[in-house]
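Coordinate analysis (summary)
Letter by letter, the chains look like this.
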Amino acid sequence: MILTQNEAPPVIGGDIVCKAEKYTISEDAINHIGALLEGQYRHPEKAVIREYVANALDAHRMFGVDKKVVVHLPVPTDPVCRVRDFGPGIPATDTGDQLFGYGCSGDGKRESADVIGGFGIGAKCGYTVSRTFTYTIWHGGRKRIYMCTKDETDTSVSILASDEPSDEPSGVLVEVPMNARTYTVQSAVSVLAFMRQVDMLDFGDNCPYRLPKPPASLLDIEVSVKQDGVDAVIPAKVSFYSKEELGKYGSALNDQTLPGIMLGDFYYPIDDEVMTPFKTDIANRGDRVSPLLDRVVVHMPCSSVQVAPSRETLKYSERTRRVVKAIVELFADPEFLGAVSKRALESMPEGASMMDFRRRALLFDQPTDNGVYCRKAGFAIPQADLTGLAT
């Protein structure tokens, strides 16, 4: 993720210009900082899946790897989460910083708008579910195995357990033991539900279950999101879903409410409390926010908004709130809503019945009381949608 930072201006008091100082972290406080970061996850078992799958996919994307990421989801007979990528691996000289250091996961992530991360926090999330997990790294013709564990003072340490020659493909394998009583398949479904590239994951031939395909959208529309006070627009894709389609996934999507933003491969619901003031402002000026907003996922570049360090939720900074406001405003824009209505009905398949058109019109919040009436069925659909149909 590309990070932008505004320089703090000096504080001026009278004729004195005070110097702005940056905060620092003492090396002696690493144990305490680590404990705080490990405790930030609300759903540790989901975090393990999300963080390590995200890191593996990032490695493939950044280095143009066309192989699938190998994933083993925990089962009662083998309660271990395993994720193996086929990226370049990590040189021994960089392993300490990239895997075991806080605040660094490689310059490539911080310089890319296509990946989320760059803080070096997710690589340690295995500690949220286990006191011990392992990394196996293939790089430069060698295979190194690191055991990550907690010592008697609860300090995180990494131990190089093995270093030997290897002709296996380069990459990284992380293995995290998980409690079969707290982990469920629904955890994986919830994390990967809207993932665009779930076909880039290989769950193995012996996997006792299969994750369902991502929900199918009713309609996808490319848009440009315009923010107040910002000249640049954000290219985005708005995907519309029906309640029936999302209902197929049962309780697995209980915490994946709509609307939300898709950043890379992972979905982030938008907090309703953040949207409410923007909706109120629109209502106060006499406009209306379409209820379609409650059935959409907005796909955006990873650098568009900020996410919390845990990557579980959005971070509602000024930038993120500005983007959320722009999304809400989009669904009060008659021009955009008109384009949605037009595309929704134009995309109907050949041979669709009048009832199909009626249902589609209702799904996309179209007024059906000011159109013409079908003489056969006696219900209204917009005039423009009767082209070529017998009435």
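Residues numbered from 1 in each chain as written. Predicted model: local features only at pLDDT ≥ 70, side-chain atom pairs only at ≥ 80, totals over all residues. Heavy atoms only, no water.

Here we look at the sheet that holds strand 8 (residues 171–177)
Our working rule: At least two DSSP bridges between two strands are required for those strands to pair. Think of it this way: any DSSP run of H or I at least four residues long counts as a helix, any run of E at least two long counts as a strand, and we number them from the N terminus. Note on contacts: a residue pair qualifies if any of its non-hydrogen atoms lie within 4.5 Å across the two residues. Here an angle of 0 to 180 degrees is reported between the N-to-C directions of two axes, which are lines fitted to C-alpha atoms, with helices fitted over the stretch in contact.
Judged by pairing direction, the sheet is mixed, and its seven strands sit side by side in the order 7-6-5-8-4-3-9 without closing on themselves. Unpaired on one side and paired on the other, strand 7 (156–165) and strand 9 (201–202) mark the two borders of the sheet. Where strand 5 (residues 132–139) meets strand 8, five bridges bridge the pair, whose relative direction is antiparallel. Across the sheet, Thr136 pairs through a bridge with Leu173, a residue of strand 8. On the sheet, helix 3 (residues 92–100) packs against strand 5, strand 6 (142–150) and strand 7 and is oriented at approximately 35° with respect to strand 6.

A short note on the pairing of strand 14 (residues 296–300)
Convention followed: Here the term buried applies to any residue with accessible area under 20% of the maximum for its type, exposed to any over 50%, and partly exposed to those in between, with areas from a 1.4 Å probe on protein chains only.
Of all five residues that make up strand 14, five are buried, and the element is covered over most of its length. Residues Val296, Val298 and Met300 point to one face of strand 14 and Val297 and His299 to the other, with burial holding for every one of them. Here strand 11 (residues 234–240) runs beside strand 14; their pairing, made up of four bridges, is antiparallel. Bridging from a neighbouring strand, Lys237 pairs with His299 of strand 14. The pairing of strand 12 (residues 260–263) with strand 14 spans four bridges and is classified as parallel. Across the sheet, Leu263 pairs through a bridge with Met300, a residue of strand 14.

Quick word on the side chain of Ser130
So the rule is basically this: Identification of polar contacts relies on pairs of N or O atoms within 3.5 Å, with a donor-acceptor requirement for protein atoms, meaning one able to donate a hydrogen and the other able to accept it, and with residues adjacent in sequence counted only if both atoms are side-chain atoms.
Checked against the element boundaries, Ser130 lands in the loop between helix 4 (107–110) and strand 5. The exposure class assigned to Ser130 is buried, which follows from its relative accessible area of 15%. There is a polar contact of 2.7 Å between the side chain of Ser130 and the backbone oxygen of Thr132.

Observations regarding the sheet that holds strand 11
Reading across from one edge, 10-11-14-12-13 is the order of the five strands in this open sheet, with mixed pairing throughout. Unpaired on one side and paired on the other, strand 10 (219–225) and strand 13 (266–269) mark the two borders of the sheet. Strand-to-strand twist of the sheet, defined as the mean angle between neighbouring strand axes without regard to direction, takes the value 30°. In this sheet, strand 11 lies alongside strand 10 in antiparallel orientation, the contact comprising seven bridges. Within the sheet, the bridge partner assigned to Val225 lies in strand 11 and is Ile234.

Remarks on helix 2 (residues 44–62)
Definition in use: Each residue after the first adds 1.5 Å to the expected span of a helix.
The terminal C-alpha atoms of helix 2 lie 26 Å apart, and with 19 residues this matches the ideal 27 Å at 1.5 Å per residue to within 8%. With respect to burial, helix 2 is a largely interior element, 15 of its 19 residues being buried. After helix 2 finishes, the residue Gly64 shows a positive phi value of roughly 65°.

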